[in-house]
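What the coordinates show
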Amino acid sequence: MKEEKKLASLGKAEEGKSGKLTMNQNSNTRSVSDIVQARARKFFSKKTLHQRLPITQWLPKYNLESLEGDMVAGLTVGLTVIPQGIAYALVAGLTPNYGLYSAFMGCFVYMFLGSCKDITIGPTAIMSIMTHEYSVDKNPDYAILLCFLSGIIIFAAAVCNLGFLITFISKPVIAGFTSAAAISIASSQLKGLFGLSYQSESVIEAFSKLFENIGDTRWQDLTLGLCSIVVLLLMRKLKDLKITKVQPDDSTYVRIGRKMLFLISVGRNAIVVIVAGIIAFAAKSDTFTLTGDIEAGLPAFKAPPFSTWDNGTEIYFSEMVSNVGAGIIIIPLISILESIAIASAFAGGKTIDATQEMYALGMCNILGAFVQSIPVTGSFSRTAVNSTSGVKTPAGGIVTGLLVVLALAFLTPYFKYIPKATLSAVIICAVIFMVEYETVRPIWKARQLDQIPLWGTFLTCLFWKLEFGILVGVGINLAILLYGVARPKVNVSTVLRKDESGPHYVLVEPRSGLFFPSVDHIRGQVTKAGVGPAESSVMVVVDCKHFTGIDYTATKGMKSLCQDFERRHQPLVFTNVTPGVERGLCSLIDDIVIARSSDQIDAAYKICQHLQLLNRPTKLCMESN
């Protein structure tokens, strides 16, 4: 009788605590107007201004030293992006001028909105091949519309704070995708290297067509292309030599000489393209396969095309979007992935504001579409050049953008002499270092299971399609993740009595949360422990310290578990239960015994024995001393 009164008083105490908690929650509830006012004050604060318009942070501190660093870095990146822009336009299946149209607006916009001083926004190899994938019949209107829609989606994702979705794409998936994309891009450039002309849509088809047409190889193009590759690789290595490193005790002339060697190394693409163009200009007109005429002048500033023409038939916006298909989602996703990954790599230990980077990237694409740009994102190779060239602020992008504008205004008539073999060499030398073979061993050492999404993504991208490779990789990752949630590890151990005369109780310790995917597995493991080591008589204690929450399905499963033990007249105790989990368990289970700490397990055991004698259920939540 005393025991029943004690249990009743505990139940009332719990109800009192629960009621008090409800009253506190109600008293802390704010009105809608208060929330709106708080959000408005936060949005129009000085902190928000600095956060969403980063130029307001560094511009007041700008000085001559920053100007010098930005000028040198901007010029160096400009010499890199011009030949790359021309080459990447060809990868996208467009005329070279579209690559240059894509190379300057992002530089200007990012100066105002970008939070990372090193990043340069413009055309990249991966974005170019994805644009080629979704540009119907190589129609530039589709590429420009993709740029605009990608910008809108990226900006909208930033407004909705959806940047966290990127975290579901793991590093092995990114490594597999990047490596496969690099091989795909390099294989697509073999025809230009050999002076051939054919169409291919996959790696296998590219090599198949190459061997079919190998007899038509133009030895002049192949020789020039191979020589360009050798020179580019040697010049790339030059910047890593000690001779290019400025020493504190160097004289002025030595410093200038070292910097010149460094600039020659990082500006190798422009140098090789210029030299090859001069050679082609001096040779006979049919010696090399040339880029051909490029539309001269700056692009007109106009709205992106929301309709286009195909063989005399007008294609309206809805049909254009339908023709683009999954590209509307895939291209923004890859654009965000590339840019955030590069920003993180060059953050220098600082925290990256992914939302702000998405705002900046979205505006770069939106405004870029008004100057006929293809989709753009951060470039790892040019960002590395920018960083090593000593850039101080995002203002270096002004110099890069102006250099591209000047090239469009005055140099486009001379670009037609650039040999395609040299452009192919530039692309191949840029993408071969994107193959992340060096990550295979660390991934294996860290977690062998991560090899599955790595190779699944890589092989799917390489032999099927790039966008499907990402989906396959994410699917494998989610499957592995969900399997771990649904089948958590459960440790079972036997705790002996103090005199070691026999088992005192069997301790079952699930290693992860108690939610609906895992409840059947945990119930099965507890039952197995109760029938096996506990021999259907010894008390079983479930350690809930890893349970962060519980849902309805899990509560029903635990109720069935308690009923199973009750039918066997076997004690079952839950310990180390958090308040949230306790409320969930006690809401549906009447015959549950909860010891708030391991010290109370003995007391819980005595109460279980007493209740079995009474042969009636109860709800016991023991208070800790």
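Residues numbered from 1 in each chain as written. Predicted model: local features only at pLDDT ≥ 70, side-chain atom pairs only at ≥ 80, totals over all residues. Heavy atoms only, no water.

1. Concerning the overall build of the protein
- Helix and strand content of the protein: 29 helices and ten strands.
- For a compact globule of 625 residues, the expected C-alpha radius of gyration is about 25 Å, and the protein comes in at 33 Å, more than 25% above that figure.
- Principal axes of the C-alpha set define a box for the protein whose edges measure 110 × 70 × 60 Å.
- Across the 625 residues that make up the protein, the buried fraction comes to 48%.
- The long-range fraction of contacts in the protein, counting pairs at least 24 apart against all pairs at least 6 apart in sequence, stands at 77%.
- Of the roughly 31200 Å² that the protein leaves accessible, carbon and sulfur atoms contribute 62%.
- Each charge class in the protein can be summarised by its mean position, and for the 57 positive and 48 negative side chains these summaries are 6 Å apart. (Helix = DSSP H or I, 4+ residues; strand = E, 2+ residues; numbered from the N terminus. Rg over C-alpha atoms; globule rule 2.2 N^0.38 Å. Buried < 20%, exposed > 50% of the residue type's maximum accessible area, 1.4 Å probe, protein only. Contact = heavy atoms within 4.5 Å. Areas by Shrake-Rupley, 256 points an atom, 1.4 Å probe, with all protein chains shown as cover. Lys, Arg positive; Asp, Glu negative; His and termini not counted. Charge placed at Lys NZ, Arg CZ, Asp CG, Glu CD.)

2. Looking at the packing of aromatic side chains
- One pass over the structure, following the stated rule, counts twelve aromatic pairs.
- Where Y98 meets Y101, the ring centres are 5.5 Å apart and the plane angle is 75°; that geometry is what we call edge-to-face. Of this pair, Y98 and Y101 both sit in helix α6 (residues 96–101), three residues apart, which is roughly one turn of that helix.
- Taken together, the ring pairs connect F148, F301, F306, F317 and F370 into an aromatic cluster.
- One cation-aromatic arrangement involves K191 over Y198; the distance from NZ or CZ to the ring centre is 6.0 Å.
- The side chain of R236 reaches across the aromatic face of F433, ending 3.6 Å from its centre. (Phe/Tyr/Trp six-rings, centres within 6.5 Å; stacked < 30°, edge-to-face > 60°. Lys NZ or Arg CZ within 6 Å of the ring centre and 35° of its normal.)

3. Regarding unusual backbone geometry
- Here N311, not a glycine, exhibits a phi torsion of approximately 55°, which is positive.
- Tracing the backbone through its elements, the reader meets N311 in the loop between β2 (308–310) and β3 (313–315).
- Notably, N576 is not glycine yet its phi reads approximately 55°, a positive angle.
- On the accessibility criterion, N576 (28% relative accessible area) is partly exposed.

4. Side note on helix α27 (residues 552–567)
- An ideal rise of 1.5 Å per residue puts 22 Å on 16 residues; α27 measures up with 23 Å between its terminal C-alpha atoms.
- Those residues of α27 not exposed but buried are A554, T555, G557, M558, L561, C562, D564 and F565.
- Two or three places before T553, at the opening of α27, D551 has a side-chain oxygen 3.4 Å from that residue's backbone nitrogen.
- Immediately downstream of α27, the backbone of H569 shows phi near 55°, a positive value. (Expected span 1.5 Å × (residues − 1). Polar contact = N/O pair within 3.5 Å; in protein donor to acceptor, adjacent residues only side chain to side chain.)

5. Brief notes about the UniProt feature "domain: STAS" (unreviewed entry) in the protein
- The feature "domain: STAS" (unreviewed entry), as given by UniProt, occupies residues 506–583 in the numbering adopted here.
- Its end C-alpha atoms 25 Å apart, residues 506–583 is made of 44% helix and 18% strand. (UniProt positions renumbered as here; feature names shortened; annotations may be inferred.)

6. Observations regarding empty space enclosed by the protein
- Applying the stated criterion to the full structure yields one cavity of 30 Å³ or more.
- Taken as a whole, the largest cavity spans an internal volume of roughly 70 Å³.
- What lines the largest cavity is a set of 13 residues, among which Y110, I119, T120, P394 and G397 lie closest to the centre.
- Taken together, the elements giving at least two residues each to the lining of the largest cavity come down to α7 (105–113) and α20 (396–410).
- Ranked by residues supplied to the lining of the largest cavity, first place goes to α20 with three residues.
- The class makeup of the residues in the lining of the largest cavity is six nonpolar, six polar and one charged. (1 Å grid on protein atoms, 1.4 Å probe; cavity = no way out; pocket = protein on both sides within 12 Å on 5 of 7 lines; lining within 4 Å. Points joined across faces, edges and corners; volume = space filled by probe spheres on them. Nonpolar A, V, L, I, M, F, W, Y, C, P; charged D, E, K, R; others polar.)

7. Observations regarding the pairing of strand β6 (residues 503–510)
- Along β6, six of the eight residues are buried, which leaves the element largely enclosed by surrounding structure.
- Where strand β5 (residues 490–496) meets β6, seven bridges bridge the pair, whose relative direction is antiparallel. If you follow T494 over to β6, its bridge partner there is V506.
- Where β6 meets strand β7 (residues 539–543), four bridges bridge the pair, whose relative direction is parallel. Residue pairing across strands places V508 opposite V542, the latter belonging to β7. (Pairing = 2+ DSSP bridges.)

8. Overview of the side chain of H521
- Take H521: it is sitting in helix α26 (residues 519–531).
- Judged by its relative accessible area of 18%, H521 falls in the buried class.
- Setting aside anything within four residues of it in sequence, one finds H521 in contact with A486, R487, P488 and V490.

9. Some words on the packing of helix α9 (residues 140–159) against helix α18 (residues 354–369)
- Between α9 and α18, whose axes approach to 7 Å, the crossing angle comes to 155°. Taken together, the axis directions place α9 and α18 in an arrangement best described as roughly antiparallel. In terms of crossing hand, the pair formed by α9 and α18 is left-handed. Of the residues in α18, those in contact with I144, C147, F148, G151, I152, I154, F155, A157, A158 and V159 of α9 are T355, M358, Y359, L361, G362, M363, N365, I366, G368 and A369.
- Grouping the constituent residues of the contact of α9 with α18 by class yields 15 nonpolar, five polar and no charged. (Axes fitted to C-alpha atoms, helices over the stretch in contact; angles between N-to-C directions. Parallel < 35°, antiparallel > 145°, perpendicular 65-115°, else oblique. Left-handed = near helix turned anticlockwise from the far one by under 90°.)

10. A look at the layout of surface pockets
- Taken as a whole, the largest pocket holds about 1100 Å³ of empty space.
- Lining the largest pocket are 44 residues, with T178, F380, S381, F433 and M434 positioned closest to its centre.
- Of the residues in the lining of the largest pocket, the class split is 27 nonpolar, nine polar and eight charged.
- Estimates place the volume of the second largest pocket at around 870 Å³.
- If you go around the second largest pocket, you meet 36 residues; those closest to its centre are L90, V91, S188, Q189 and K191.
- Contributions of two or more residues to the lining of the second largest pocket are made by α5 (64–91), α8 (125–134), α10 (171–188), α11 (190–194), α12 (203–212), α22 (420–431) and α24 (451–463).
- Its residues assigned to classes, the lining of the second largest pocket comprises 14 nonpolar, 16 polar and six charged.

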